[in-house]
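Chain by chain, the residues run as shown.
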Amino acid sequence: MTDYFQGNLPLKSVSVAKSAIRSPEAETESSGNLALTIAEAASDRKAGDILVLRVADVSYLADYFVMLTGYSKVQVRAIADAIEAQVASDWQRRPLRTEGKAEGSWVLQDYGDVIVHIMMPKEREFYNLEAFWVHAERIPLPKSDEDEGKPT
């Protein structure tokens, strides 16, 4: 009966941390920096209404949500590609899963600790995720030089 199960199987799917002791604060800070990288990449592609929410205290799904608007299906896909390229370049990470890229009206990118929602205005208004996550902390984005002349 023991020939179908061997207790010494290699656990290649389990990630190994460099340090045995890792604080939750350090992980959240790393996630926050990843979320800001994502927001910056989206801004470079002229995404609108960029919102970064810290949901770690209110959800087990992720540490951060990044929500933003693309104004055409082509732009939504371009934003998703720019985010993927920037995160791969800066963080050497790929999304664990990407959904909706073929349709282009709502693309979801799951980086594990950060989940990105890139939506067309109609979808963003209809689903209103900001209202659903209203109890999450809103993270202010750093001001860029381009924003200085625009009214708020």
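Residues numbered from 1 in each chain as written. Predicted model: local features only at pLDDT ≥ 70, side-chain atom pairs only at ≥ 80, totals over all residues. Heavy atoms only, no water.

Across its full length, the protein chain holds 4 helices and 6 strands. Traced from its N-terminal end to its C-terminal end, the protein chain shows the element sequence α-β-β-α-β-β-β-α-α-β. Expressed as a percentage of its 152 residues, the buried residues of the protein chain come to 36%. (Helix = DSSP H or I, 4+ residues; strand = E, 2+ residues; numbered from the N terminus. Buried < 20%, exposed > 50% of the residue type's maximum accessible area, 1.4 Å probe, protein only.)

With that settled, the discussion passes to the packing of aromatic side chains. Per the counting criterion, the structure on display carries 4 aromatic pairs. Look at Phe 132 and Trp 133: their rings are 5.2 Å apart centre to centre, the planes differ by 85°, and that puts the pair in the edge-to-face class. According to the relative accessible area criterion, Phe 132 is exposed, its value standing at 56%. Look at Trp 133 and you get buried, because its relative accessible area is 9%. Aromatic ring contacts, followed pair by pair, group Phe 65, Phe 132 and Trp 133 into a single cluster. (Phe/Tyr/Trp six-rings, centres within 6.5 Å; stacked < 30°, edge-to-face > 60°.)

Looking now at the pattern of salt bridges. Any two side chains of opposite charge can pair, so long as their charged atoms come close to each other. Using the criterion set out here, one finds 7 salt bridges in the structure. A salt bridge links Lys 101 to Glu 84; its shortest N-O distance comes to 3.7 Å. Placement of Lys 101 in the loop between strand E3 (97-99) and strand E4 (106-110) and of Glu 84 in helix H2 (residues 73-91) is noted, with a sequence separation of 17 residues between them. On the basis of relative accessibility, which here comes to 25%, the residue Lys 101 falls in the partly exposed class. Ionic pairing is found between Arg 97 and Glu 99, a salt bridge with its closest N-O pair at 2.9 Å. You can call Arg 97 exposed: its relative accessible area is 53%. Where salt bridges share partners, they join Asp 81, Glu 84, Arg 94 and Lys 101 into one cluster. (Salt bridge = Lys/Arg side-chain N within 4 Å of Asp/Glu carboxyl O.)

As a further point, take the nonpolar core. Within the largest apolar cluster, 23 residues are counted, with the highest numbers of intra-cluster contacts made by Ile 38, Leu 68, Ile 83, Tyr 111, Val 114, Val 116 and Ile 118. Looking at this core, the elements that each hand over two or more residues are helix H1 (24-44), strand E2 (64-69), H2 and strand E5 (114-119). It is H1 that contributes the most residues to this core, 6 residues altogether. Discounting chain neighbours no more than four positions away, the residues touching Ile 118 are Leu 68, Val 76, Ile 79, Ala 80, Ile 83, Ser 105, Trp 106, Val 107 and Gln 109. Of all hydrophobic cores here, the second largest spans 11 residues; its members include Val 55, Ala 62, Met 67 and Ile 115. (Core = buried A, V, L, I, M, F, W, Y, C linked by side-chain atoms within 4.5 Å. Contact = heavy atoms within 4.5 Å.)

On the secondary structure map, Ser 59 appears in the loop between strand E1 (48-54) and E2. A residue is classified by how much of its surface remains accessible, and Ser 59, at 15% relative accessible area, is buried. Within polar-contact distance, the side chain of Ser 59 engages the backbone nitrogen of Leu 61 at 3.0 Å. (Polar contact = N/O pair within 3.5 Å; in protein donor to acceptor, adjacent residues only side chain to side chain.)

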